[in-house]
Each structure stands twice: as structure tokens, then as C-alpha cells.
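Read off the chains here:
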Amino acid sequence: MDLIDAIRAIDKPHEDDVLNRLYTTWGESLDKNDVLTEYPRPQFQRDSYINLNGDWEYCIVPQDNGDDIPSEMDGHILVPFSPESILSGVERRLEPYQFLWYKKPLPILNRSFTNSRFLLHFGAVDQFADIYINSTLVGSHSGGYLPFTLDITGFLSFSEDQMSTTQNVLSVRVKDTTDSSYHSRGKQTLRRGGMYYTAQSGIWQTVWIEEVPQTYIREIRIRPEADLKTVSIEVSTNNPCKVTVRTPGKEMVKSPSSSDSFETAFTGDFSFSSDTYPSIGEDHSAVTPSYYHFKFELENPHLWSPEDPYLYPLQIQVGEDLVRSYFAMRYYSIESDSAGISRFCLNHKPYFLMGVLDQGYWPDGLYTAPSDEAFIYDIKEMKRLHFNMLRKHIKIEAARWYYHCDRLGMIVWQDMVSGGSSYAKPVVSYLPTLFPNVFGRMPDGPATYKTFSRSSADGRKEWLKEMQNTIRYLYNVPSIATWVLFNEGWGQFNAAGATVMARELDNTRPIDQASGWFDEGSGDFRSVHNYFRPLTVEKDKNGRAFVISEYGGFTYHVDGHSSVDRVYGYKKYDTQDQLGVAYYNLINGTLKPLISKGLAGAVYTQLSDVEEEVNGLITYDRRITKINPDLDPSLLKNIDNALNN
């Protein structure tokens, strides 16, 4: 073990550092009149789409004075960039004792047909949001990472005259406790430094409105089955109706009248995604929603893989409502290979996961990518560097990021967002890092709730609800292969019970119960982090697949492309050539030989630098890739073929 490097890697807050004003190429060329205008929900797409991104008014007020909508605002903010970000045009931090107010006049809304409904969608608002239309509270939402929807029809002012100029005003009040409370916040901190980053707040994903007919498609759930030829499609509508589903090829059409394809509608507790139907505010349904279940058996199915990411288009129609979606025929599992070793499998074949950790941070937009092209660049660049998996770390990304992973062919391991009170870092981070076999085996039950920063019963209940809603929301995403519940003990509790809850919602994907240490023996992986010791494979007594879910962290600071001159990482290199040699020696000399010994996957830290943590494969501003896969072909030794043979 390299004890000196481990001691140097102890992170400290450096909140007084002034970060360099780094821009990505996409942020630098951002058109303020054309901000993230792509349809934000590719797996549930309608023709009706009114994008509200762009110029809004804002103000920040003390919490004691925040009950009334302000008559005077502080200035303008570019939505959906948080006020802490450069691209917002504000660059002010929202403190836990303050409210952030937004105000936006809505475009003229005229109904396309009688009794239609207008749904207002927020991709994400960090952390607590109250939504007002024309000064009337419509609803409230808690949680900074999941989308929510409100039916605002009853709060809008309409005119019988289709040429009316009647205007409605949307106001949003936001509060964000960041890491001053137990709520989920991921890597955000009010004391930035080391592996924890600048806090952000407010609206950070697209805001938009759609018009739907009175009877419309509420939600869908798509489930490719293990036989690799059957797909189950479950449809929820807000009123009883006829459902038609179309797929390509044979142009198969199925509806409740199709006796060979339709299973009786059912009601009861059913888990759909949470962003397509009003989740707060008024529920205008007069009756219990209707659910329909269809099964399609595909002839000669075209299977999805990172090497061949084929997507089937899907169309669902309910009366006047039409939704376009897509799915992939693929199946993820843990199965034994010919030698009896548990492996991660794609479509029932062993598939080595060459992964990289993706924090989802941007120097100019913080949590918000400056453009769709920025998402695409990250994914394509990692594929160019021979990775086939991204571990989305402690963050839920905008829906379009998952869409690009689906269509470009990038497997995703999805982390749940961590929370809890202030972490006891020596106990849950430093000592387990150095001595995992001694300090990484602490149980996470009631006796250690306080140690794991989970003494709040409300906080534990809140996290479980958010974990369930995350799985519901992202259930349909083809590229997501694994749910990662806890990371390094940050707010961990009752991991074995959480695993049972997660599997009840989704038994089609493996679960990484505890990434790093504090393993409770359940889940589908023995999942370790190893930065300072020689990489090895451990035989799991429960027969689970073995993954190194974090390793590497090689550090190289590039002048002019880093947030600060301070360097944080796990092993420092002074030149790009030194970094390249060390990286390829690690991959070819150490990692690859472990595959035959039972290594099922590995996640390199990390995709890009983030602030003072400069252990990225590319710089924070995405302008320089530190590792060149074509620099010395002899070093590569056919990585792509060797990993999967």
C-alpha cells in the first residue's frame, strides 16, 4: 500500500479558493435565446412542447421575508442554470437560510381542443420548490434530483378569443439546505474542497409545458424479458380508453380488443415512472386510472449492445393522444461462466465492464451540461478510450443523457443520490480506505445509525422513498444495467433491506448494494474500491460477481485548464507522458490479467477533472484528453478484444 499517497489524498475544505472562470466550448458559444431546446423526455415524446428555458427574473431573500411573492426582483437568470453557475449570469450562492424566487410570464396558451389539460414539467429543482400560477400556490415538491409534473389547467386564465393576449405568470420559490441537513445532496457542499464540490441550487433542468387531451396516456413501463424475444409494455391512462401500440417491422397493432395480445386491465398499487403525470397538485381524474398490459414476441430480435446499440421505435395511441417512445431488446444478469465464476452478463453472455466514474459536473454549468452536444462528447470520448460503461456517480442526470447512452451504446451503472447529516469521514472514508478488512466491515443497522450519519428517522424514510422513485423514473432506460444503492458508507443504513425493496421494484437488473466497503452480504456484487493497494480479485463467500467499482485516480494538473492550482487526487504525475505510461501499465499489466481470475468489471476514476480533483481522463473544461488511445498501439494490446474473450 502506498501510505504516503493515501495520506496526501485526505481531502480538506478550501472554500476560500477563487475558482478560475473555465468555459467549455459549448458554454462559450451558448446562445441565450436557444438554451437546451431539445425535447427533454425522449422516451415519452408528444408533439405538444413549449420550452420555458431562457431568461427569467430572480431574487434571493431572507427566509423570514420569503412568504410573499416579491414585487421587485434582483435581476435576470438564464434557466435552467443554477444561480451559482457561470452560465446563469448570476454567480450567487443560495444559503440555507434564504429563499430563491423565480418569475416568468408564460406564453399565450390557447386550447387546441375542448377540455384539454396543460401540464407543467420540471426536470429537476434543487431542493424544495413551491410552484405558483398567477400568485396562487399550485403545489410543492421536495427532492433536488427527480422530475415532477403539475396540472396547471385550473389555475390558468383563458379567453374565448383565440387571438387573446391573456398572459399568465409562473413563480417558483426554492429553498436548498445543501449539506446542512440530512436531505440528499450528492457531492455538493457549502465548504468546497477535495472530492466535494461547489453547491448549486434552484432550477437545473429544463422547464416545459405540454397540452394533452382530456383522456391521455399517463405513463408507460417497458420490460424486455429474459428470453430475449418478448417485450412487455404496460400502459397507464387517466381514464378508461382503448390503447393501440405500434412497433416497426410487421407494424404490429395491439389493443384491448386483440384477444391474442391483451391481458385484462388491472388496478391497485402499480409502479410506473414519476414524471409523466401530475405528481403534485390537482389530480383531475374522475375515476381510478386504467392499466393495460401487452406482450409482443419479436421474430429474429435485434439485440442491443454497446457494439450494436439498436433501438426499436414504439408508438402508443389513446384516442387523440399519441406518444412516441423506444425500447431495446437486452437483458442484464449475473451468471456463472464455464469455470463456475460469477460474471456480469449481457444477453446471457459474459461481458466485461470497462467502466469510468462520471460525476456529471461542468465548470460553467455545474450540474447542468451547457448543451446536448456536451453530453454526446463525453459519451463518445469515453467510447474512444475503450470504455463501455459509465457509472453515474451520486447524481441523477437529465433524461437526454440516458437517451444518448441508449443510442450510442454505453452501459450505465446508476448511483442513488447520497444524503445524511455531516459524514464522519475518518470512520466511513479514511480508515476503510487504508484498512478495508478491518474498518470496512462495520454493520449498518440501528446501533450505527449515528456513525453513518443516519440518526434521523425522517431522513431514512425520505431516502428510501427517493430510491424507489429513482428506480421507477429510470426503469425504462435500456442502457441502465445496475442500481448502486450506497457508496462508501455515505448515509448508508439497512443496506440489505434496501436491496430487497429495490429488487421488488425491479428484478431485471443486478444491484450493487454497497460500493466500496460496509458490505452487508446481499446484492449481486462484491464491490470494492482500491486506490492504494495492488489490484486483486477476492473470492466472495456468497458467490457474487466481483467488481472493483473504483480504482485509478491518477492525477495530472494541466495549467490553464484547471479550476485551481491546488491538486487533489490519488497518485500525482508531473507530465502527460508519465501519466500515459502509468495508465496503460495499470490497464494492461494489472487489470487485464485479473479478468481470467474472476474480475467482472472495473470503474476507473474518473471521466473528467472536477474543480481541484484533477484525476480525470479529460480536463474539467473538456478541451484536453490526457490519455491518447492511439499514442502507442503496442501498449493497447487489443484491449477491446481481450476484455471480452
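Residues numbered from 1 in each chain as written. Predicted model: local features only at pLDDT ≥ 70, side-chain atom pairs only at ≥ 80, totals over all residues. Heavy atoms only, no water.

Assigned secondary structure in the chain consists of 11 helices and 35 strands. Looking at the chain residue by residue over its 645 residues, the buried ones come to 64%. Look at the contacts in the chain between residues 6 or more apart in sequence, and 72% of them connect residues 24 or more apart. Per element, the accessible surface of the chain, about 24300 Å² overall, is 48% carbon and sulfur. (Helix = DSSP H or I, 4+ residues; strand = E, 2+ residues; numbered from the N terminus. Buried < 20%, exposed > 50% of the residue type's maximum accessible area, 1.4 Å probe, protein only. Contact = heavy atoms within 4.5 Å. Areas by Shrake-Rupley, 256 points an atom, 1.4 Å probe, with all protein chains shown as cover.)

Now for unusual backbone geometry. Residues apart from glycine generally show negative phi values, whereas peptide bonds are mostly found in trans. Note that the residue after Val79, namely Pro80, is joined by a cis bond; omega there is 15 degrees. In this structure, Pro80 sits in the loop between strand 3 (75-79) and strand 4 (98-105). For Arg622, which is not glycine, the phi torsion reads 65 degrees and is therefore positive. By relative accessible area, Arg622 is classed as buried at 4%.

All right, on to the sheet that holds strand 14 (residues 207-212) then. Strand pairing in a sheet relies on backbone hydrogen bonds. The paired strands run either parallel or antiparallel. Judged by pairing direction, the sheet is antiparallel, and its 4 strands sit side by side in the order 1-14-5-9 without closing on themselves. The two strands at the open ends of the sheet, each matched to only one other strand, are strand 1 (50-51) and strand 9 (148-151). (Pairing = 2+ DSSP bridges.)

Right, let's get into the pairing of strand 7 (residues 128-133). Within strand 7, 5 of the 6 residues are buried, leaving the element largely enclosed by the surrounding structure. One ladder, built from 6 bridges, connects strand 7 with strand 8 (residues 136-142); its direction is antiparallel. Within the sheet, the bridge partner assigned to Ile133 lies in strand 8 and is Thr136. Counted along the chain from strand 7 to the antiparallel partner strand 8, the turn is 2 residues long, and its residue Asn134 has a positive phi close to 50 degrees. Here 6 bridges tie strand 7 to strand 10 (residues 169-175), and the two strands are oriented antiparallel to one another. Looking across to strand 10, one finds that Ile131 is bridged to Val172.

On to the sheet that holds strand 25 (residues 349-350), then. Spatially, 23-24-25 is the arrangement adopted by the 3 strands of the open sheet, whose pairing is antiparallel. Either end of the sheet is taken by a strand with one partner, and the two such strands are strand 23 (332-336) and strand 25. Note that strand 23 and strand 24 (residues 342-346) share 5 bridges and pair antiparallel. What sits directly across from Tyr332, in strand 24, is Leu346.

Moving on: helix 4 (residues 399-408). With 8 of 10 residues buried, helix 4 is to be regarded as a mostly interior element. Of all the residues in helix 4, the buried ones are Ala399, Arg400, Trp401, Tyr402, His404, Cys405, Asp406 and Leu408. Trailing helix 4 by a residue or two, Gly409 shows a phi angle of about 90 degrees, which is positive.

Here the focus is the confidence of the model for the chain. On average, residues of the chain score 90 in pLDDT, and 89% of them are at 70 or above. For the stretch residues 264-270, pLDDT sits under 50, and the model shows 11 contacts to residues farther than four places along the chain or on other chains. (pLDDT = per-residue confidence, 0-100.)

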